[in-house]
Amino acid sequence: MTTASDRSSRKGIGASLTRKEDDRFLRGQGNYVGNIRLAGMRDLAFVRSPVAHGRILEIEKPAGREGDVYTIDDLAGVRPILAASGLPGFKRSEQPVLAREKVRHVGEMIAMCIADTRAEAEDLAGETYVDFDELPAVVDMLAGREPGAALLHEHWGDNVFLETHIDADLEDIKARAAIHVHRRLRTARQSMAPMEGRGVVAYWDKRLAQLVVYTSAQMPHINRTGLAECLGLDEGSVRVISPDVGGGFGYKGILLPEEVCVAWLAMHLGHPVRWIEDRREQLVANTNCREHHYDIHAYADRDGRLLAVDCEAHVDSGAYSSYPFSACLEAAQVASILPGPYKMERYRCRTWSVATNKPPILPYRGVARTGVCYAIETIMDAVAAEAGLEPYEVRLRNLVLPQEMPYDNITHKHFDSGDYPEAVRRAVRAIDLPAVRERQRRGEADGRLIGFGLAVFCEQSAHGTSVYHGWGIPMVPGREPAGLRLTPDGILEVRAGVHSHGQSMETTLAQIANEVLGIDPQRVRVVLGDTGTTPYSTGTWGSRSIVMAGSAVGRGCKELRERLLHVGAWLLGEPLDAVRWEEGGVAGTSGRFELAELTRIWYLQPQRLPVDVHVGGLEVHTTYQAQRDSGAFSYACHAVVVAVDPELGKTEILDYAIVEDGGVLINPMVVDGQVYGGTAQGIGTALYEEMAYSEEGQPLASTLADYILPGATEVPSIRIEHMESPAPYTEFGQKGIGESGAIGSAAALASAVNDALKPLGAEVSRMPLSPRAVLEALARSEAATAARAQPEEAFV
Amino acid sequence: MKAAAFDYHGPATVAEAVALLRESDGMGKAVAGSQSLGPMMNLRLAQPTQLVDLRFLGELRECRDEGAAVLFGAGVTHAAIEDGKVPDPSLGLMPHVAGRIAYRAVRNRGTLGGSLAHADPAADWVNVMALLDAELILAGPDGERSVRAGEFMLGAFTTVLAEDEIIKAVRVRRLGPAARWSYYKFNRKTGEFAEAIAAFVDDPESGVRRAIVGAVDGAPYVIEDASALIDGWSDPAAASALQAAGLVPGSYEYQVHRVALRRAAERLSRPNGAQQ
């Protein structure tokens, strides 16, 4: 039983413990791939395509240095990256690690150049000439489906990776719906921006006959599997080590063609090889994500209750299918999660994953859900406007109710727990909506327009085998493993196959160990990121680690506790049921043994142990699967107030409140950090970030001067209020919240900006809601008021 | 990206710097704070074979209060101006602008002369110096010459600087005690390059009533007599200035510049520095 007085000194579940890893990070002692120096290491630079679509006619290597430049023809035995979805009708795209015959996006790698330094390698790249027969580029996903569009993968016959249908007959609903709203919405292609880019160092270990690859990755085990496949090695011959990783967000959850190239070259040359991605490579060639188009209808009764949602969604998947999540991850999710946290009678959705001459689309924090939340929340706002209701009121009328939990929604998502309407009510209260509406009515002295927006959503976290199998991804997660080992001096080593790139796993896994064993988190060493020392795992993604790995660690600790209790009882000369685990040791009626005493006796004084000691010793390997693998659903409501300058189109965030339910919080401070970070990214999605392309498929942002990210001055103070409804199916009641902040924020901001523009009759239907987009929308509405027929683009 | 190979020089005198540039035969570049040239070299957009580093030139960091004007060494950093470590002839305009250039890390290294020589239309000093009709003192192999700021910049990233010339100093005339100024910069976020700049100065003592429209395709457009915009707003006067600056009516760029110009004019009636 915990009392109020010892709660502050607690270090277990629920404690806002400062982060163990910060000791090294704050002292500048983190160790990233870019810090690694190996004797004889040489640097790699890539020749990348300057054209979006073309046939390679000739590659001319620099005279006298031909041996330092490699093309696909030199990479004997290297297999292309193939990420085939298991969904019926999926068309496979083979991605050669260096272009073969064709290039399909600007930045695609054509050749690699090795030299003593990166600068010299870039010199070689600059001296390598490639002659192209340029082809028309497919730059827009909708245009890519038109007849006569250029074809990326000619043998397909079209540009569609996959088309999916959820069908329903809506005719009777259309006939009786008092409200019908329709929107066409577009989200920009974005570029993820982890502070640390990708980087790879590889060498061949002759003693172990093993390829060792250091790479900044979220899922080293999956990278190992993929590398082995592409290089034709057995997995035992490959060790992947991900040291400190400076942000992942999904970008580091894929197999890079660069990884395959660096690894092959290291094997081929016999010396260590390094490639460190620069920001231009990252922006232009590597980190694209998010681009969706929605054509969405909602039907509701006159009270604003949803009857049906009908949507045609496109995802611009880019040129290739990335390993392991595939080109269809986003669209497959769109179809299944578009209904959001709402109830409806009928649902129809068709999706297309379209191949375009742009880099492959990758999963980015929130995967699909950011766009989906924007689409469904925009349509809910539209329903509210038609019904003459406050937007939050329409949400309350359609959300799944707490007494209906657990609830199987229209796409068979199993919402496990929570009180969604309460999150909305609290968020509206936190933002003081009546005061905002009053301020809106009063008007601002500076002429800016006040807008209020909200978004409510649920996030399926830590979903497991059956869900991913259903989405057809080639890598299906199963039981999550953890390895635990006590040392003679009572240190607990925790080995987990997930990784930490901002998630604070070194701290939170130690807190779980503390919760079960009472061991000080400083005496827990969490080992991550090395396939040589950690158990096989699909890694960190999908808001799964604290539920899956955290639960596995908890189970392992409980097993260790049982074994130690057995020994302690024996040593105390008491029956097992007379002793208990208390404050980090075994306590009986006659005395107690501390953990470190028990471990010392176990390893060094085995003569004192009982004969029936557990044969597993003080090492545990365990795996965890939730009671059901349909996911732990966290949820949140974001409420935001903005001021929009109607003359310049610029938006300032005035107030921001989030009510969040992550179930039982392992470390509330860490959860807050996750929510802040995700929200900052959503602010980028909503207001700033856009990877635009010219008609020829040239990216228009190649530096961070052109690709605008929110900074400290653009991210406001955010108030977070927690609800803690325990997840019914997880070990400690925890839910994943890693992506949450990035899901609701963009939708809430769009809602707020459009609320501000409403008096002027304008609505922005795309992200980002940049000054240009806002002014265009205003000009369109002005023009529409003045005359009727107007051109699409208001500005020349 | 790493820069292409170049030879590095750290001359001790202006004459030496100029001689090095002259010898480099058009392939040399002078660098001061390296906040623009450095990234361009790393992106290989600029590939000088000779890099002449001006940061050891003490004479470029000297400032002199000449009474009627202040002479700034071209190597004065934005931060020195922001922090008031050098005299201010502009009743607070220059510190106001300096403190809003990019981010502090950039301001610590970036220099007044470097920014002018780089001549990015969206940067601040090319606009402010044109507004204040500053005099740029250029040093070359044949000695020094001076150029009015409004005539220095020929277009985006192009100036009258010869390949073997550097900016040595900038002379800014002192505003009269009753002068008023305003500066309006529109950008997507703090620290970014401007999408529109407009500024006014109204000095009863000298009779100067000047305005600029900046962050356009080329050099800032100087409105030598901005009375029509200062004494009550004139739409036709504004429109003709904006079009003369190369802006196309109906475009996004025209709209944001028009708003910037009007807001700058409005702010002129407020106390200097009460800008916001």
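Residues numbered from 1 in each chain as written. Chains lettered and ligands numbered in written order. Predicted model: local features only at pLDDT ≥ 70, side-chain atom pairs only at ≥ 80, totals over all residues. Heavy atoms only, no water.

Moving on, we come to the domain arrangement of chain A. Residue and element names in this part refer to chain A. Domain annotation of chain A identifies domain 1 (4-29 + 479-624) and domain 2 (288-466 + 628-786). Look at where the C-alpha atoms of domain 1 and domain 2 centre, and you get two points 39 Å apart. Taken together, the 28 residues of domain 1 in the interface contact 23 residues of domain 2. For the pair domain 1 and domain 2, the two sides together bury roughly 1800 Å², of which 61% comes from carbon and sulfur. Here K558 ties to E731 by a salt bridge, and the two come within 2.9 Å at their closest N and O atoms. Linking domain 1 with domain 2 are 17 residue pairs in polar contact (both at pLDDT 80 or more). Put simply, the parts of the chain that give the side of domain 1 that touches domain 2 at least two residues each are α14 (505-517) and α15 (545-572). The greatest single-element share of the side of domain 1 that touches domain 2, amounting to 8 residues, is contributed by α15. (Domains from an automatic or database assignment. Contact = heavy atoms within 4.5 Å. Buried area = accessible area lost by both parts, 1.4 Å probe. Salt bridge = Lys/Arg side-chain N within 4 Å of Asp/Glu carboxyl O. Polar contact = N/O pair within 3.5 Å; in protein donor to acceptor, adjacent residues only side chain to side chain. Helix = DSSP H or I, 4+ residues; strand = E, 2+ residues; numbered from the N terminus.)

Here we take up the packing of aromatic side chains. Residues and elements named next belong to chain A. For the structure shown, the criterion picks out 11 aromatic pairs over all chains. Aromatic side chains F90 and F161 sit 6.0 Å apart centroid to centroid with 15° between the ring planes, which places their arrangement in the stacked category. Of the two residues, F90 is situated in the loop between β4 (81-82) and β5 (94-95) and F161 in strand β9 (residues 160-166); the sequence distance between them amounts to 71 residues. For the residue pair F90 and F161, the accessibility class agrees, reading buried in each case. Positioned above the aromatic ring of W352, the side-chain terminus of R145 is 4.1 Å from the ring centre. Its guanidinium or amino end placed over the ring of W541, R544 lies 5.4 Å from that ring's centre, counting from NZ or CZ. (Phe/Tyr/Trp six-rings, centres within 6.5 Å; stacked < 30°, edge-to-face > 60°. Buried < 20%, exposed > 50% of the residue type's maximum accessible area, 1.4 Å probe, protein only. Lys NZ or Arg CZ within 6 Å of the ring centre and 35° of its normal.)

Another point: the interface of chain B and chain A. Across the contact, 23 residues belong to chain B and 28 residues belong to chain A. Carbon and sulfur atoms make up 53% of the surface buried where chain B meets chain A, a total of about 2300 Å² over both sides. Among the residues of chain B in contact with chain A, R188, K189 and Y252 of chain B are the three that bury the most area, contributing 31% of the side total. Taken together, the connections running from chain B to chain A amount to 6 salt bridges. The salt bridge partner of R772 of chain A is E253 of chain B, with a shortest N-O separation of 2.8 Å. Applying the counting criterion to the chain B and chain A interface returns 17 residue pairs in polar contact (both at pLDDT 80 or more). Contributing elements (two or more residues each) for the side of chain B that touches chain A: β11 (180-186) and α11 (252-267) of chain B. With 7 residues, the single largest contributor to the side of chain B that touches chain A is α11 of chain B.

It is worth spelling out the pairing of strand β2 (residues 54-60) of chain A at this point. Residue and element names in this part refer to chain A. Of the pairings in the sheet, the one linking β2 to strand β6 (residues 102-103) comprises 2 bridges and is antiparallel in character. Bridging across to β6, R55 finds its partner in K102. In this sheet, strand β8 (residues 129-134) lies alongside β2 in antiparallel orientation, the contact comprising 6 bridges. Across the sheet, the residue bridging to I56 is F132, located in β8. (Pairing = 2+ DSSP bridges.)

It is worth spelling out the domain arrangement of chain B at this point. Residues and elements named next belong to chain B. Taken domain by domain, chain B holds domain 1 (7-53), domain 2 (58-173) and domain 3 (180-267). Computed from C-alpha coordinates alone, the two centres of domain 2 and domain 3 are separated by 20 Å. Of the roughly 1800 Å² buried between domain 2 and domain 3, counting both surfaces, carbon and sulfur atoms make up 61%. Linking domain 2 with domain 3 are 3 salt bridges. K185 is the partner of D124 in a salt bridge, and the nearest nitrogen-oxygen pair spans 3.1 Å. Our enumeration of links across domain 2 and domain 3 arrives at 8 residue pairs in polar contact (both at pLDDT 80 or more). Listing elements by their share of the side of domain 2 that touches domain 3, those giving two or more residues are α4 (93-98), α7 (125-131) and β8 (153-155). For the side of domain 2 that touches domain 3, the leading source of residues is α7, giving 5 residues. Looking at the side of domain 2 that touches domain 3 residue by residue, the class counts come to 16 nonpolar, 5 polar and 5 charged. (Nonpolar A, V, L, I, M, F, W, Y, C, P; charged D, E, K, R; others polar.)

All names here are of chain A. One pass over the structure, following the stated rule, counts 0 disulfides over all chains. Left unpaired, C230 is separated from the closest cysteine sulfur, that of C261, by 9.8 Å. Since its relative accessible area comes to 4%, C230 is described here as buried. (Disulfide = S-S within 2.5 Å.)

Our next topic: the confidence of the model for chain B. The predicted model of chain B averages 96 in pLDDT, with 99% of residues at 70 or higher. This prediction of the complex comes with two scores: 0.96 for pTM and 0.95 for ipTM. (pLDDT = per-residue confidence, 0-100.)

Turning our eyes to something else, we now look at the packing of helix α19 (residues 771-786) of chain A against α11 of chain B. Two numbers describe how α19 of chain A lies on α11 of chain B: the axes approach to 11 Å, and their chain directions differ by 95°. One finds that α19 of chain A runs roughly perpendicular with respect to α11 of chain B. Listed contacts from α11 of chain B to P771, R772 and L775 of chain A of α19 of chain A are Y252, E253, Q255 and V256 of chain B. (Axes fitted to C-alpha atoms, helices over the stretch in contact; angles between N-to-C directions. Parallel < 35°, antiparallel > 145°, perpendicular 65-115°, else oblique.)

This next bit is on the nonpolar core. The nonpolar side chains of a soluble globular protein tend to be buried, and buried together. Core analysis: the biggest nonpolar cluster contains 182 residues, and M112 and L338 of chain A together with F200 of chain B have the highest contact counts within it. If sequence neighbours within four positions are ignored, M112 of chain A has contacts with L44, A45, F46, D68, V69, Y70, L75, L98, C261, W264 and L265 of chain A. V126, L131, I167 and A179 of chain B belong to the second largest nonpolar core, which has 55 residues in total. (Core = buried A, V, L, I, M, F, W, Y, C linked by side-chain atoms within 4.5 Å.)

Quick look at helix α1 (residues 14-23) of chain B now. Residue and element names in this part refer to chain B. For α1, the complete set of buried residues consists of V14, A17, V18, L20 and L21. Viewed end-on, α1 has its buried residues packed into an arc of 160°, placing them on one side of the element. Of the exposed residues in α1, the ones pointing more than 90 degrees away from its buried face are A15, R22 and E23. In this fold, the buried residues of α1 make contact with β1 (7-9), β2 (28-31), β3 (50-53), β6 (135-140) and β10 (166-173). Backbone geometry just downstream of α1 places D25 in the positive-phi region, at approximately 55°. (Arc of directions from axis to C-beta.)

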